[in-house]
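Summary of structural features
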Amino acid sequence: MSGRAITNAAMPLPSRTAFTNRGSTTGMYRLAKSSISASSSGAYASPGERRSLSESAAPVNGLLTAHYPVEFELTPLGSSTLVLARHLDDGSAETVTLVAADAPAAGDLDEFARVVDLAGTRAFTRDEPPPRTPGACNGHPGLVSRGTWPPLDGGARLARRACHFLCRGRGYSFVYSLPEALADADEPVLREIVDAVDLRP
């Protein structure tokens, strides 16, 4: 993994821990190489062209499997979270953070969403997270919030979408962020990654 910092990740990134990469041929993990070109223009492909979600990975708890393009670098966060990041050549990044938690307290979606959202937005702002409203997340009914912020490090303004839902007694939180200027071009790819996540039965 390269030493570049993820400046607009949904959560701060601690040290790497063990995780499972379904696409690995080594039994360990495989990262998208930082040498892959990632233009700050944001163009993944021609308009309307579908990206190949050729890579797959799961967190240690195995509650979800993510599918994503090879341009994204994979970093685990504890046993329940995966962070996918596509680094741009201006030093910013497009990120997707996928959280799967066993048995949120009392099965309370509002409280689960509040706690996860508050932790996530601390990477962007000291303000309260934007309001959450009913909406779809990975095809499941849940709570959704959207917002834009100037990042704490003074870089490009960021757009962020978070969605949270409960399924089979587990809590899921899927968040993506990217420079606001690239939202029209690149948000569909991040949304596709979220929609493609498989949940463990």
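Here, the structure is the one placed above.
Residues numbered from 1 in each chain as written. Predicted model: local features only at pLDDT ≥ 70, side-chain atom pairs only at ≥ 80, totals over all residues. Heavy atoms only, no water.

Observations concerning the state of the cysteines
For clarity, the cut-off: Only a pair of cysteine sulfur atoms within 2.5 Å counts as a disulfide in this structure description. Labels follow the DSSP assignment, with helices taken as runs of H or I lasting at least four residues and strands as runs of E lasting at least two, numbered in each case from the N terminus. Summary of the burial criterion: residues with accessible area below 20% of their type's maximum are buried, those above 50% are exposed, and those between are partly exposed, where the area comes from a 1.4 Å probe applied to protein chains only.
Applying the stated rule across the entire model yields one disulfide. Across the disulfide from Cys-137 sits Cys-163; the S-S distance is 2.0 Å. Looking along the S-S bond of the Cys-137-Cys-163 disulfide, the torsion reads about 50°, which is the right-handed sense. Pair noted here: Cys-137 is in strand 6 (residues 133-137) and Cys-163 is in strand 8 (residues 158-167), with a separation of 26 residues, a long-range link. Given a relative accessible area of 1%, Cys-137 falls into the buried group.

Things to note about the packing of aromatic side chains
Test applied: The rule is short: rings of Phe, Tyr and Trp, with Trp giving its six-membered ring, pair when the centres are within 6.5 Å, and they are stacked under 30 degrees, edge-to-face over 60, tilted in between.
Going through the model one piece at a time under the given rule, you end up with three aromatic pairs. Ring geometry for Phe-165 versus Tyr-172: centroids 5.1 Å apart, planes at 15°, classification stacked. Assessed through its relative accessible area of 0%, Phe-165 is described here as buried. Here the aromatic rings of Tyr-172 and Phe-174 are separated by 6.2 Å at their centres, their planes lie at 65°, and the arrangement is edge-to-face. These aromatic residues form a ring-pair network of at least three members: Phe-165, Tyr-172 and Phe-174.

Topic: the nonpolar core
The tendency in soluble globular proteins is for nonpolar side chains to be buried as a group. Which entries qualify depends on this criterion: For this analysis, a nonpolar core means a set of buried residues of the types Ala, Val, Leu, Ile, Met, Phe, Trp, Tyr and Cys, connected via side-chain atoms within 4.5 Å. Residue contacts are defined here by distance: any two heavy atoms, one from each residue, within 4.5 Å place the two residues in contact.
Counting 30 residues, the largest nonpolar core has Leu-64, Tyr-172 and Phe-174 as its most contacted members. When neighbours within four sequence positions are excluded, Tyr-172 is seen to be in contact with Leu-63, Leu-64, Val-99, Ala-100, Phe-112, Cys-163, His-164, Phe-165, Cys-167, Leu-199 and Arg-200. Ranked by size, the runner-up nonpolar core spans five residues in total, among them Leu-109, Ala-113, Val-116 and Leu-143.

Thoughts on the pairing of strand 8
Heads up, the condition is: At least two bridges found by DSSP between two strands is the condition for calling them paired.
In terms of burial, strand 8 is largely enclosed, as nine of its 10 residues are buried. Alignment of strand 7 (residues 140-149) against strand 8, held across seven bridges, turns out to be antiparallel. Looking at the pairing, Gly-147 lines up with Arg-160 of strand 8. A loop of two residues connects strand 8 with strand 9 (residues 170-179), the two strands running antiparallel in sequence, and Arg-168 in this loop sits at a positive phi of about 55°.

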